[in-house]
Amino acid sequence: MTPDTRPDLLDLAPDEALTTLREWFDARGEPRYRAAQVFGRLWQRPVRGFDDITELPKPLREALAEAFRISSLELATRQQSRDGTEKFLFRLHDGQFIETVAIPDGDRMTFCISSQAGCALQCAFCATGAMGFQRNLTPAEIAGQVRELRLLDPPILPTNIVFMGMGEPLMNWKAVSPSLSLLNDARALGIGARHITISTVGVLPGIEALAARPEQFRLAISIHAPSDALRRTLMPVNVKYPLVDVIAAARTFDRRVTFEYVMLGGVNDQPAHAAELAQLARDCRAFVNLIPLHPGGAMGFTPTPTEDITRFAAAVRARGVEVAVRRSRGLDIAAACGQLRTERLGRRAPVAAETDRDVHVA
Ligand code: SAH
């Protein structure tokens, strides 16, 4: 089989896609408004293929299909939780699997999306890390997760996006940046920038790149430990990007950042940790999200009991820092990114079979 060399229109940021399409229509002597017409059918009122763009004459649809591709992600598994949370496992063209979670909450619908297949960072409590890094996702695969849920019957429409699925978004900035444009641009998915959150372990060049974007995308930083000594043991990336530098980057970020802090029983949940964490948060006026460890968390960790989380939150709050405790969602379907993929690949190792990342309401 000869490889498909047609460019995938879903890989292009809005301006790029429109330019490409305009040039193509120009070359054929077709009116330019056709470009916006086609682009509108990629994200806004999505279709699976050119043939479904019935407002175009058939010969034009056929010619488009010869020149370009509209890729899709194959839905491998769909699971619904009693609390309404839904989890989707997609199979990519090369056999990789990624996960997307849709979390309803009142009038909000948050999609938790993946930016990489697997992850290189090896955070001690995270099962995606235990899978290892497979590869970066393309824009068509990142923004495409949202497109696929919009294509369902009935469609699921997001109000919020969090990059808290598999992978480290700021280690795939090349694809995440155009994906942000596709998510946010009114001509594409049209989700407000303040409703899109990038979650990172603190990849400094990525934070700079995000800060340089004019839109008000939100930044969440996975802190998880208030000192370098402890953070190093939980997050190997702390050697490359130490806490002081991450905090400094958060301080210079021109929008308010969120700290994510997963509560690990007996590890990072003591009163002294609360005091240190509060100090860091005050340093950069961060908002703190305490995350209960997913019950199926990585081997060797136990969740902090709920009443201790409440006490920890109060201690941080007493120091003048805004704190929220996240609710875990979709527990009955193990709506923890990593598990479905793990089952699918038949991995039976305890660390991988236990799930990692739970679903958060950002
Ligand atoms: N790589 C990015 C984004 C993906 S992880 C990051 O680390 O921020 C999204 C969040 O889920 C991170 O804060 C991560 O630490 C957290 N997480 C991972 N495993 C978890 C678990 N077992 N329980 C609760 N949260 C977990």
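All values reported here derive from a predicted model rather than from experimental measurement.

Participant: Explain helix H10 (residues 271–283) to me, using residue names and the numbers behind them.
Facilitator: Under the 1.5 Å per step criterion, the end-to-end length of H10 is 19 Å for 13 residues, consistent within 8% with the ideal 18 Å. Listed in full, the buried residues belonging to H10 are His273, Ala274, Leu277, Ala278, Leu280 and Ala281. An end-on view of H10 places all buried positions within 165° of arc, on one side of the element. The exposed set on the far side of H10, more than 90 degrees from its buried face, consists of Pro271 and Arg282. Looking at the buried positions of H10, the neighbouring elements they touch are helix H8 (228–234), helix H9 (243–252), strand S10 (258–263), strand S11 (287–292) and helix H11 (306–317). At the exit of H10 stands arginine 285, carrying a positive phi of roughly 50°.

Participant: A description of the sheet that holds S11 should follow, citing residues and the corresponding values.
Facilitator: Sheet architecture is open: ten strands sit in the order S1-S2-S3-S4-S7-S8-S9-S10-S11-S12, paired in mixed fashion. Since the sheet does not close on itself, it has two edges, and those belong to strand S1 (74–80) and strand S12 (323–325), each with one partner. Going from strand to strand, the sheet's axes swing by 20° on average, the running direction of each strand aside. Bridge analysis of S11 against S12 gives three bridges, and the strand direction is parallel. Looking at the pairing, leucine 290 lines up with valine 325 of S12.

Participant: For the packing of H10 against H11, give the residues involved together with the corresponding values.
Facilitator: In contact at an axis separation of 8 Å, H10 and H11 are set at 40° when each is read in the N-to-C sense. With respect to each other, H10 and H11 are oriented oblique. The handedness of the crossing between H10 and H11 comes out as right-handed. From H10, His273, Ala274, Leu277 and Ala278 reach across to H11, where they touch Phe312, Ala315 and Val316. When grouped by side-chain class, the residues that make up the contact of H10 with H11 number six nonpolar, one polar and no charged.

Participant: Tell me about the nonpolar core, and please be specific about residues and values.
Facilitator: Phe163, Phe259 and Leu290 are the most contacted members of the largest nonpolar core, which has 105 residues in total. Ranked by residues supplied to this core, first place goes to helix H6 (residues 173–184) with six residues. Here this core gathers at least three residues from each of two domains, domain 1 (11–67) and domain 2 (74–345). For phenylalanine 259, the residues in contact, after removing those within four places along its chain, are Ile221, Ile223, Ile247, Leu277, Leu280, Ala281, Cys284, Ala286, Phe287, Val288 and Asn289.

Participant: Report on the domain arrangement of the protein chain, specifying residues and quantitative values.
Facilitator: Along its sequence, the protein chain is organised into domain 1 (11–67) and domain 2 (74–345). In this structure, domain 1 and domain 2 have C-alpha centres spaced 34 Å apart. Across the interface of domain 1 and domain 2, roughly 1,400 Å² is buried in total on both sides, 57% from carbon and sulfur atoms. When the area that domain 1 buries against domain 2 is broken down by residue, the three leading residues are Asp11, Trp43 and Arg48, summing to 48%. When the shortest N-O distance is used, the salt bridge between aspartate 15 and arginine 187 registers 2.9 Å. One can count seven residue pairs in polar contact (both at pLDDT 80 or more) joining domain 1 with domain 2. Here the side of domain 1 that touches domain 2 takes three residues from helix H1 (residues 14–27), the largest share from any one element. Among the residues making up the side of domain 1 that touches domain 2, the classes are represented as nine nonpolar, one polar and four charged.

Participant: Requested: an account of the packing of aromatic side chains, with residues and values cited.
Facilitator: For any two aromatic rings, the description comes down to two numbers: the centre-to-centre distance and the angle of the planes. Enumeration according to the criterion identifies five aromatic pairs in this entry. A centroid spacing of 5.8 Å and a plane angle of 65° characterise the contact between tryptophan 24 and phenylalanine 68, whose relative ring orientation is edge-to-face. Here phenylalanine 68 lies in the loop between helix H3 (58–67) and S1 and tryptophan 24 lies in helix H1, a separation of 44 residues in the sequence. Judged by relative accessible area, tryptophan 24 falls into the buried class, the value being 15%. A residue is classified by how much of its surface remains accessible, and phenylalanine 68, at 4% relative accessible area, is buried. Pairing phenylalanine 125 with phenylalanine 301 gives two aromatic rings, centres 6.5 Å apart and planes at 85°, and the pair type is edge-to-face. Of this pair, phenylalanine 125 sits in the loop between strand S5 (116–118) and helix H4 (127–131) while phenylalanine 301 sits in the loop between S11 and H11, and the two are 176 residues apart along the sequence. The same class applies to phenylalanine 125 and to phenylalanine 301, which are both buried. Following the ring pairs from residue to residue traces out a cluster consisting of Trp24, Phe25 and Phe68.

What counts and how
Residues numbered from 1 in each chain as written. Predicted model: local features only at pLDDT ≥ 70, side-chain atom pairs only at ≥ 80, totals over all residues. Heavy atoms only, no water. Helix = DSSP H or I, 4+ residues; strand = E, 2+ residues; numbered from the N terminus. Expected span 1.5 Å × (residues − 1). Buried < 20%, exposed > 50% of the residue type's maximum accessible area, 1.4 Å probe, protein only. Arc of directions from axis to C-beta. Contact = heavy atoms within 4.5 Å. Pairing = 2+ DSSP bridges. Axes fitted to C-alpha atoms, helices over the stretch in contact; angles between N-to-C directions. Parallel < 35°, antiparallel > 145°, perpendicular 65-115°, else oblique. Left-handed = near helix turned anticlockwise from the far one by under 90°. Nonpolar A, V, L, I, M, F, W, Y, C, P; charged D, E, K, R; others polar. Core = buried A, V, L, I, M, F, W, Y, C linked by side-chain atoms within 4.5 Å. Domains from an automatic or database assignment. Buried area = accessible area lost by both parts, 1.4 Å probe. Salt bridge = Lys/Arg side-chain N within 4 Å of Asp/Glu carboxyl O. Polar contact = N/O pair within 3.5 Å; in protein donor to acceptor, adjacent residues only side chain to side chain. Phe/Tyr/Trp six-rings, centres within 6.5 Å; stacked < 30°, edge-to-face > 60°.

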